[in-house]
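Now for the letters of each chain:
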Amino acid sequence: VDDMWQKAYDFAVEVARKAGEEIRKAGESEIKVMTKSSSVDLVTKTDERVEKIIIGSLKEEFGEDAHCFIGEESVENGEPCILSDKPTWIIDPVDGTTNFVHGFPFVAVSIAFAVNKELEFGVVYSCLEDKMYKARRGKGAFCNDEKIQVSDVKDIHKSIIISEHGTDRSPEKVTKIFSTMQKILCIPVHGLRGSGTAATNMCLVATGAVEAFFEIGIHCWDIAAGAVIIQEAGGILLDVDGGPFDLMSRRMIVANDKIIARRIIQEIEIFPSLRDDAPIQKH
Ligand SMILES: O=P(O)(O)OC[C@@]1(O)O[C@H](CO)[C@@H](O)[C@@H]1O
Ligand SMILES: [Mg+2]
């Protein structure tokens, strides 16, 4: 069985690379901006086309009905977002769509694979930087085939923390997000950063470029691949309340070390977010 997933892992890397090429060559014409949950939650034809290419390639390779799929744009178009025990691909075809539309150089293809609800491997291709991050459970984490590992910084005062504002602009959430950022900044830490794509933020923790990243509002497809990469790079994953990491909860903190994670958790002002696997709200 071990080797079986190795083939799927290797194939996922090639699919991510091909998807990244499609994103890079997407012409001006295709970057027709549409919106989803709000006027600042963007999607383009490229997101939809690239997701179809990824899922099509995987179905061609492994069989039409062999695996399940959770894709950001498929879910947006009404597909269920339920993680079963069946082998399941969890896909964000374009993580950082706003960056993509603006030409801000952080856009990632995120592909993860879970069996019996356990993440087996994750691939994040930062396609404008040409950085292929990958990790398979128990086999280490890599960037362009170089082994990567989290930072060894334990002193919060010597850390950089990634915090993102996401796409919700409701005053009560924005206030909590910025109040949390202010408290962390004034610990003080060396700095706050954010790439604008959760998958890339996860990889920045895994390479040791920053010490932690937390966010309430992300989706399973943003973080599933990065979760394996961080785990294999020696990092930790928790819920923002310090409890166990929950892929479908739409909130998490990832860090190089539990000391850093616990110090950040003290400052996070939590607000509710609807789970990815919540029953679809009938309007
Ligand atoms: O809709 P996209 O582009 O796939 O998602 C972009 C995203 O992953 O980056 C932000 C920062 O982490 C998150 O809030 C958001 O989910
Ligand atoms: Mg996306």
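Residues numbered from 1 in each chain as written. Chains lettered and ligands numbered in written order. Predicted model: local features only at pLDDT ≥ 70, side-chain atom pairs only at ≥ 80, totals over all residues. Heavy atoms only, no water.

Caption draft 1: Quick look at the site of ligand 1. Close to ligand 1 lie 15 residues, the nearest being Asp 92, Asp 95, Gly 96, Thr 97 and Glu 215. At a separation of 3.0 Å, an oxygen atom of ligand 1 approaches a polar backbone atom of Gly 196. Between ligand 1 and Glu 215, the relevant distance is 2.5 Å, taken from an oxygen atom to a side-chain nitrogen or oxygen of the residue. Summarising the interface, the protein chains cover 89% of the accessible area of ligand 1, which totals 390 Å² for the free molecule. When contributions to the shell around ligand 1 are tallied by element, the ones reaching two or more residues are β4 (88–95), α6 (198–206) and β12 (212–216). Broken down by class, the residue content of the shell around ligand 1 amounts to three nonpolar, six polar and six charged. Looking at which domains feed residues into the shell around ligand 1, each of domain 1 (6–147) and domain 2 (156–265) gives three or more. (Near = heavy atom within 4 Å. Polar contact = N/O pair within 3.5 Å; in protein donor to acceptor, adjacent residues only side chain to side chain. Areas by Shrake-Rupley, 256 points an atom, 1.4 Å probe, with all protein chains shown as cover. Helix = DSSP H or I, 4+ residues; strand = E, 2+ residues; numbered from the N terminus. Nonpolar A, V, L, I, M, F, W, Y, C, P; charged D, E, K, R; others polar. Domains from an automatic or database assignment.)

Caption draft 2: Up close: unusual backbone geometry. Put simply, Ile 187 and Pro 188 share a cis peptide bond, and its omega is 0 degrees. Checked against the element boundaries, Pro 188 lands in the loop between α5 (171–185) and β11 (191–193).

Caption draft 3: Seen up close, the UniProt feature "binding site: Mg(2+)" (unreviewed entry) in the chain. Under the local residue numbering, the UniProt record ascribes the feature "binding site: Mg(2+)" (unreviewed entry) to Glu 72, Asp 92, Asp 95 and Asp 222. The named residues occupy 151 residues along the chain; their greatest pairwise C-alpha distance, 9.4 Å, places them in one compact cluster. Within the element layout of this structure, Glu 72 appears in helix α3 (residues 72–76). Apart from the residues lying within four places of it in its own chain, the contact partners of Glu 72 are Lys 36, Glu 51, Ile 91, Asp 92, Pro 93, Val 94 and Trp 221. Checked against the element boundaries, Asp 95 lands in strand β4. In this structure Asp 95 touches Phe 106, Val 107, Ala 108, Thr 197, Ala 198, Ala 199, Thr 200 and Asp 222, once residues within four positions along its chain are discounted. (UniProt positions renumbered as here; feature names shortened; annotations may be inferred. Contact = heavy atoms within 4.5 Å.)

Caption draft 4: Region of the structure containing the state of the cysteines. This model, assessed by the stated rule, comprises zero disulfides. Cys 68 forms no disulfide, and the closest cysteine sulfur to it belongs to Cys 81, at a distance of 12 Å. Summary of cysteine pairing: Cys 220 is not part of a disulfide, and the nearest cysteine sulfur, belonging to Cys 81, is at 3.9 Å. With relative accessibility at 0%, the residue Cys 220 sits in the buried group. (Disulfide = S-S within 2.5 Å. Buried < 20%, exposed > 50% of the residue type's maximum accessible area, 1.4 Å probe, protein only.)

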